[in-house]
Amino acid sequence: MQKDLTKGSVFRVLIQFSLPYLLSCFLQTFYGLADLFITGQFNGADAISAVSVGSQIMHMLTVIIVGLAMGSTVTISHHIGERDMKKAGRAVGNTVSLFLTFAVILTIGLLLGVEGILKCVSIPPEAYAQTRTYLIICFAGIPFITAYNIISCIFRGMGDSRSPLYFVAAACVMNVVLDFLLIGCFSMGAAGAAFGTVISQTASVVIALAAIRKKRLGLSVKKEDFRPDKKSLGNILRIGIPIAFQDGLIQVSFMIITIIANRRGVTAAASVGIVEKIISFFFLVPSAMLSSISSITAQNVGARRYRRGAKTLQYGVTIAVSFGVLMTNLCQFLAPQILGLFTEDAMVVEMGSQYLRAYVLDCIVAGVHFCFSGYFCAYGYSGISFLQNVVSIVLLRVPGAYLASEYYPDTLYPMGLAAPAGSLLSAIICIIVFVMWRKKFLPPQGQQENGR
């Protein structure tokens, strides 16, 4: 279950680690879409709207939880690389204690604040009741959803990205079956989709715990490891909090851009909405590179194999940028056909194609700063990742989308350029930091063990 990421071909290790993570992300995205699709087959616009809005809120919460858990992944990876199983066990125990407490507090807060949340997102009156029910069920299941994501992060911290893939695959299959049963057979609408999500993720937690008991973690976690340890908690929170805020801010910026598009009318809103879903699939690759580089480099930092970590960054950037170039070229020629898979409305296809051809450039540039973000996190400098994202969102991404919308009302192409412009600024900042702090990331040869 525990895997050494400090030996062997760097490229092979990166591919073997990132592919299961990529598939896990794909399956999570897939069964989120499956909820919406199956709901639409058996219900009207009220249930569809409830599931759409409710799932967006839950996605934001999940992204924040996973971002915070990145602190655990990196901390555990460091100790595994150092071959200090005692500290690794303490980090695992403190992770469980921290997130158990966090999940309980978050659940209570969300259940008490559900009415306020519904007012903030301006739910249509027809969908209010079903959205409220959907959120209450999902909020009540937060402890299980948190446990599922935390167990996956612990496994990745130990170098094992395959086991989380099995867990999410089981959850995906169960979720689709439950959706058809609860939404189709029992006509439960949005409530059925919510129950399907919570039950399937709870089942995946049970499967994960059974796997841990059968295979064992490869390290000893004792009763005292669950007691709060100032140093372990400090490392986890120091790395995780900036990432959680960063990921939450990114989701907020997406919502602001959606609001800007909504002001341009239903055609622009539909076009932007469809393209956002398409881009979310494209971004699975750079996201997988970010997490993989973070986990692999963290182990190598613990083992003092710094150049091996830099080599992982180099390969990750090459893979992410190459994928971005491929998708960008495909979208320049096939944008109308891609949009046509989602709608038959000619105006939506035309405007969506404009937006996609510009926005897809972000897949190239974001591949750079995503990889650097994972690399910085591995060294514990997640604050750099947070700051460069804040700067790009505040200075270019959101203002750029707004100004393009105001000055170019007849086309979405300029508005689509705001995202890659923001990512370009982020990439420049990351490269400058890496060059300026090169001695921090690559100490003199005598202080490290060379890696291939």
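So, here's what we can say about the structure. (Residues numbered from 1 in each chain as written. Predicted model: local features only at pLDDT ≥ 70, side-chain atom pairs only at ≥ 80, totals over all residues. Heavy atoms only, no water.)

Section: the overall build of the protein
The following threshold applies: Secondary structure elements follow DSSP: runs of H or I no shorter than four residues count as helices, runs of E no shorter than two count as strands, and numbering proceeds from the N terminus. The globule rule used for comparison is 2.2 Å times the number of residues to the exponent 0.38, while the radius of gyration itself is calculated over C-alpha atoms. We call a residue buried when its accessible area falls under 20% of the maximum for its residue type, exposed when it is over 50%, and partly exposed in between, using a 1.4 Å probe and counting protein chains only. Residues count as neighbours in contact if any of their non-hydrogen atoms are within 4.5 Å of one another. A 1.4 Å probe and the Shrake-Rupley method give the accessible areas. Residues count as covered only by the protein chains that appear here. Neither His nor the chain termini are counted; the positive set is Lys and Arg, and the negative set is Asp and Glu. Throughout, a charge is located at the NZ atom of Lys, the CZ atom of Arg, the CG atom of Asp or the CD atom of Glu.
Along the protein, the regular secondary structure elements total 18 helices and 0 strands. For a compact globule of 452 residues, the expected C-alpha radius of gyration is about 22 Å, and the protein comes in at 22 Å, within 12% of that figure. Taking the principal axes of its C-alpha atoms as reference, the protein extends roughly 65 × 45 × 35 Å. Per-residue burial over the protein gives 53% buried out of 452 residues. Relative to all contacts within the protein whose residues are 6 or more apart in sequence, the contacts with residues 24 or more apart total 84%. Summed over all atoms, the accessible surface of the protein reaches about 19700 Å², with 67% contributed by carbon and sulfur. Side chains of the protein carry 35 positive and 21 negative charges; the gap between the two charge centres is 17 Å.

Describing the packing of aromatic side chains
To keep it simple, the criterion reads: Aromatic pairing here means that ring centres of Phe, Tyr or Trp (its six-membered ring) are within 6.5 Å. Orientation follows from the plane angle: under 30 degrees is stacked, over 60 is edge-to-face, and everything else is tilted.
Taken as a whole and judged by the stated rule, the model has 19 aromatic pairs. Pairing Phe11 with Tyr315 gives two aromatic rings, centres 5.4 Å apart and planes at 65°, and the pair type is edge-to-face. Of this pair, Phe11 sits in helix α1 (residues 10-42) while Tyr315 sits in helix α12 (residues 306-340), and the two are 304 residues apart along the sequence. Overall, the relative accessible area of 38% leaves Phe11 in the partly exposed class. Residue classification places Tyr315 among the partly exposed residues on the basis of a relative accessible area of 27%. Between Phe434 and Phe441, the ring centres sit 5.7 Å apart and the planes meet at 10°, which makes this aromatic pair stacked.

Re unusual backbone geometry
Positive phi is not limited to glycine here, since Ser187 has a value of about 50°. On the secondary structure map, Ser187 appears in the loop between α7 (162-185) and α8 (189-215). Its identity is not glycine, yet Arg304 carries a phi of approximately 60°, on the positive side. You can see Arg304 is positioned in the loop between α11 (284-302) and α12.

Quick notes on the pattern of salt bridges
Counted only if it meets this: In the sections that follow, a salt bridge refers to a side-chain nitrogen of Lys or Arg positioned within 4 Å of a carboxyl oxygen of Asp or Glu.
Under the criterion given, the structure shown has 2 salt bridges. In this structure, Arg132 and Glu115 form a salt bridge, with 2.5 Å as the shortest nitrogen-oxygen distance. Of the two residues, Arg132 is situated in helix α5 (residues 128-140) and Glu115 in helix α4 (residues 114-120); the sequence distance between them amounts to 17 residues. Of the residues examined, Arg132 reaches a relative accessible area of 33% and is grouped as partly exposed. Across the pair Asp362 and Arg397 runs a salt bridge whose closest N-O atoms are separated by 3.8 Å. Within this pair, whereas Asp362 is found in helix α14 (residues 362-378), its partner Arg397 is found in helix α15 (residues 382-407), the two being separated by 35 residues in sequence. According to the relative accessible area criterion, Arg397 is buried, its value standing at 8%.

With respect to the environment of Ser291
As for its position among the elements, Ser291 is in helix α11. For the pair Ser291 and Tyr359, spaced 68 residues apart in the sequence, the C-alpha separation amounts to 23 Å.

A few points about the nonpolar core
Where we set the bar: Nine residue types can take part in a nonpolar core, namely buried Ala, Val, Leu, Ile, Met, Phe, Trp, Tyr and Cys, and a core is a set of them joined through side-chain atoms within 4.5 Å.
Core analysis: the largest hydrophobic core is formed by 56 residues, its most contacted members being Met58, Tyr134 and Phe139. In terms of residue count, the dominant contributor to this core is helix α2 (residues 45-82) (11 residues). Grouped together as the second largest cluster of nonpolar side chains are 40 residues, Val74, Ile260, Ala261 and Ala401 included.

What about α14?
What counts is decided by this rule: Expected helix span is taken as 1.5 Å per residue step, with the number of steps being one fewer than the number of residues.
Between its first and last C-alpha, α14 extends 24 Å over 17 residues, near the 24 Å set by a 1.5 Å rise per residue. By the criterion of burial, α14 is predominantly enclosed, with 16 of the 17 residues buried. Following α14 by one or two positions, Gly380 adopts a phi angle in the positive range, close to 90°.

Looking at the packing of helix α6 (residues 142-157) against α7
When two helices pack together, their arrangement is given by the angle between their axes and by how far apart the axes lie. Selection rule: Note on definitions: angles span 0 to 180 degrees between N-to-C directions of axes, and those axes are lines fitted to C-alpha atoms, for helices only across the stretch in contact. Should an angle fall under 35 degrees it is taken as roughly parallel, and over 145 as roughly antiparallel, whereas 65 to 115 is taken as roughly perpendicular and any remaining angle as oblique. Side-chain classes are defined by residue name, with Ala, Val, Leu, Ile, Met, Phe, Trp, Tyr, Cys and Pro counting as nonpolar, Asp, Glu, Lys and Arg as charged, and the others, Gly among them, as polar.
Running from N to C, α6 and α7 point in directions that differ by 155°, and their axes come no closer than 8 Å. One element, α6, and the other, α7, form an angle in the roughly antiparallel class. For the pair α6 and α7, the contacting residues are Tyr148, Ile151, Ser152, Phe155 and Arg156 in the first and Ser163, Pro164, Phe167 and Val168 in the second. Class assignment of the residues belonging to the contact of α6 with α7 gives a composition of 6 nonpolar, 2 polar and 1 charged.

Quick word on the environment of Val252
Turning to its location among the elements, Val252 is positioned in helix α9 (residues 230-262). Residues Val252 and Met60, spaced 192 residues apart in sequence, show a C-alpha to C-alpha distance of 8.5 Å.

Section: the side chain of Asn175
Examined against the element boundaries, Asn175 turns out to sit in helix α7. On the basis of relative accessible area, Asn175 is assigned to the buried category, the value being 0%. Beyond its immediate sequence surroundings of up to four residues, Asn175 is in contact with Tyr31, Asp35, Gly196, Thr197 and Ser200.

Structural notes on the packing of α15 against helix α17 (residues 418-436)
Put simply, the rule is: Should the near helix be turned anticlockwise from the far one by less than a right angle, the crossing is termed left-handed; should it be turned clockwise, right-handed.
Relative orientation of the contacting elements α15 and α17 amounts to 150°, with a least axis distance of 8 Å. On the basis of the axis angle, α15 is roughly antiparallel to α17. Seen along the crossing, α15 lies across α17 with a hand that is right-handed. Side by side, α15 and α17 meet where Ile384, Gln388, Asn389, Val391, Ser392, Leu395, Leu396, Arg397, Gly400 and Ala401 of the first sit next to Ala418, Ala419, Ala421, Gly422, Ser423, Leu425, Ser426, Ile429, Cys430 and Val433 of the second. In terms of residue class, the contact of α15 with α17 is built from 12 nonpolar, 7 polar and 1 charged.

A few points about α6
Quick reminder: α-helices carry 3.6 residues per turn. Residues three or four places apart thus point the same way. With 16 residues, α6 ought to run about 22 Å at 1.5 Å a step, and its terminal C-alpha atoms sit 22 Å apart, in line with that. The buried count for α6 comes to 13 of 16 residues, which makes it a mostly enclosed element. Just downstream of α6 lies Gly159, where phi reads positive at about 90°.

Just geometry here; none of it tells us what the structure is for.
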